[in-house]
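# Tertiary structure, described
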Amino acid sequence: MVFKIYYQPTKTQNPKRENTRSMYVEADSKVTVMNAVEHQTDYNIEQVEALDDATLEYEKQNPDFKLTEFDK
């Protein structure tokens, strides 16, 4: 399953909507995604959402779409 993660690029600053970024990760569960991002980045996770097939196809139309891979 592919998850879309909304995050702030740093944990040291107060979150601002204007700084929110997103990335896509393929994983078995939301917990797996959250653990990978928390342990392998300095990002402040705002939200993680699972993408259904239709939403994933829509997101893939964005030229900046790419799956992020983390060490397991």
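The preceding data block contains the structure.
Residues numbered from 1 in each chain as written. Predicted model: local features only at pLDDT ≥ 70, side-chain atom pairs only at ≥ 80, totals over all residues. Heavy atoms only, no water.

From N to C terminus, the protein includes 2 helices and 4 strands. Listing every helix and strand of the protein by position from the N terminus yields β-β-α-β-α-β. Oriented by its inertia axes, the alpha-carbon framework of the protein measures out at about 35 × 30 × 15 Å. Accessible area of the protein: about 5,400 Å², with a carbon and sulfur share of 43%. Each charge class in the protein can be summarised by its mean position, and for the 9 positive and 14 negative side chains these summaries are 6 Å apart. (Helix = DSSP H or I, 4+ residues; strand = E, 2+ residues; numbered from the N terminus. Areas by Shrake-Rupley, 256 points an atom, 1.4 Å probe, with all protein chains shown as cover. Lys, Arg positive; Asp, Glu negative; His and termini not counted. Charge placed at Lys NZ, Arg CZ, Asp CG, Glu CD.)

Phe3, Ile5, Tyr7, Met23, Val25, Ala27, Val33, Ala36, Val37, Ile45, Val48 and Phe70 form the largest nonpolar core, which has 12 residues in total. Of all the secondary-structure elements, those providing two or more residues to this core are strand S1 (2–8), strand S2 (21–26), helix H1 (30–40) and strand S3 (44–50). Here Ala36 is in contact with Thr41 and Phe70, once residues within four sequence places are set aside. Membership of the second largest hydrophobic core comes to 5 residues, among which are Val2, Leu51, Leu56 and Phe65. (Core = buried A, V, L, I, M, F, W, Y, C linked by side-chain atoms within 4.5 Å. Buried < 20%, exposed > 50% of the residue type's maximum accessible area, 1.4 Å probe, protein only. Contact = heavy atoms within 4.5 Å.)

Rolling a probe over the atoms, with the probe sized like a water molecule, indicates the empty space that remains. The final tally for this structure, using the stated rule, is 1 cavity of 30 Å³ or more. Taken as a whole, the largest cavity encloses approximately 30 Å³ of empty space. Residue lining of the largest cavity: Gln8, Pro9, Thr10, Gln13, Asn14 and Asn19, and that is the complete set. (1 Å grid on protein atoms, 1.4 Å probe; cavity = no way out; pocket = protein on both sides within 12 Å on 5 of 7 lines; lining within 4 Å. Points joined across faces, edges and corners; volume = space filled by probe spheres on them.)

Bringing the sheet that holds S1 into the picture now. With mixed pairing, the 4 strands of this open sheet are ordered in space as S3-S1-S2-S4. Strand pairing shows two members of the sheet lacking a second neighbour, S3 and strand S4 (67–68), which therefore form its edges. Against the sheet, H1 makes contact with S1, S2 and S3, and its axis sits at roughly 155° relative to S3, the strand it touches most. (Pairing = 2+ DSSP bridges. Axes fitted to C-alpha atoms, helices over the stretch in contact; angles between N-to-C directions.)

We now examine H1. Inspection of H1 places Val33, Ala36 and Val37 among the buried residues, and these make up the whole buried set. Along the axis of H1, the buried positions cluster into a sector of 90°, meaning they face one direction only. Residues of H1 that are exposed and angled more than 90 degrees away from the buried face: Val31 and His39. Tucked inside the fold, the buried residues of H1 contact S1, S2 and S3. (Arc of directions from axis to C-beta.)

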